[in-house]
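Each chain is listed here by its residues.
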Amino acid sequence: MDWALANSSDLQTATLTVRYRVGGYTGNDLSRWAPAVENVLQQQMMSFQSYMKR
């Protein structure tokens with residue numbers, strides 16, 4: 001998981017970019033898990049955004 005935080009030119013806002021990569025072998029099809037994992041990460045980012053706006 002990589003996180004990158006970039007300030008805007010006016011220093012009033014920032015953009016958080018999260019990249020999540022998974023690798024390795026499995027005999028199972030894990031592609032069905034991708035939407036659930038993305039949903040959890042999105043919920044975490046929304047909570048972080050709400051916290052930072054306080």
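This structure is a prediction, so every number in the text was calculated from the model and none was measured.

What counts and how
- Residues numbered from 1 in each chain as written.
- Predicted model: local features only at pLDDT ≥ 70, side-chain atom pairs only at ≥ 80, totals over all residues.
- Heavy atoms only, no water.
- Helix = DSSP H or I, 4+ residues; strand = E, 2+ residues; numbered from the N terminus.
- Buried < 20%, exposed > 50% of the residue type's maximum accessible area, 1.4 Å probe, protein only.
- 1 Å grid on protein atoms, 1.4 Å probe; cavity = no way out; pocket = protein on both sides within 12 Å on 5 of 7 lines; lining within 4 Å.
- Points joined across faces, edges and corners; volume = space filled by probe spheres on them.
- Nonpolar A, V, L, I, M, F, W, Y, C, P; charged D, E, K, R; others polar.
- Pairing = 2+ DSSP bridges.

## Observations concerning the environment of T13
For step 1, the next point in the chain: Along the chain, T13 falls in the loop between strand 1 (2-7) and strand 2 (14-19).
For step 2, the next point in the chain: When its relative accessible area of 49% is taken as the criterion, T13 is described as partly exposed.
For step 3, the next point in the chain: Sequence separation between T13 and K53 is 40 residues; the distance between their C-alpha atoms is 10 Å.

## Considerations on the layout of surface pockets
For step 1, the next point in the chain: Taken as a whole, the largest pocket holds about 550 Å³ of empty space.
For step 2, the next point in the chain: A14, L16, M45, F48 and Q49 are the residues nearest the centre of the largest pocket, which is lined by 17 residues in total.
For step 3, the next point in the chain: Looking at the lining of the largest pocket, the elements that each hand over two or more residues are strand 2 and helix 1 (34-52).
For step 4, the next point in the chain: For the lining of the largest pocket, the residue count by class is 10 nonpolar, 5 polar and 2 charged.
For step 5, the next point in the chain: Its volume calculated, the second largest pocket comes out at about 220 Å³.
For step 6, the next point in the chain: Lining of the second largest pocket is provided by Y20, R21, V22, G23, G24, Y25, T26, L30, W33 and V37.
For step 7, the next point in the chain: Class assignment of the residues belonging to the lining of the second largest pocket gives a composition of 6 nonpolar, 3 polar and 1 charged.

## Looking at the pairing of strand 1
For step 1, the next point in the chain: In this structure, strand 1 lies alongside strand 2, joined through 6 bridges in antiparallel fashion. Residue pairing across strands places D2 opposite R19, the latter belonging to strand 2.
For step 2, the next point in the chain: Linking two consecutive strands that pair antiparallel, namely strand 1 and strand 2, is a turn of 6 residues; a positive phi of about 60° is found at L11 within it.

## Describing unusual backbone geometry
When glycine is set aside, most residues are seen to have a negative phi, and most peptide bonds are trans.
For step 1, the next point in the chain: Positive phi values are uncommon outside glycine, yet L11 reaches one of about 60°.
For step 2, the next point in the chain: Position of L11 relative to the elements: it lies in the loop between strand 1 and strand 2.
For step 3, the next point in the chain: Classification of L11 by relative accessible area gives exposed; the value is 62%.

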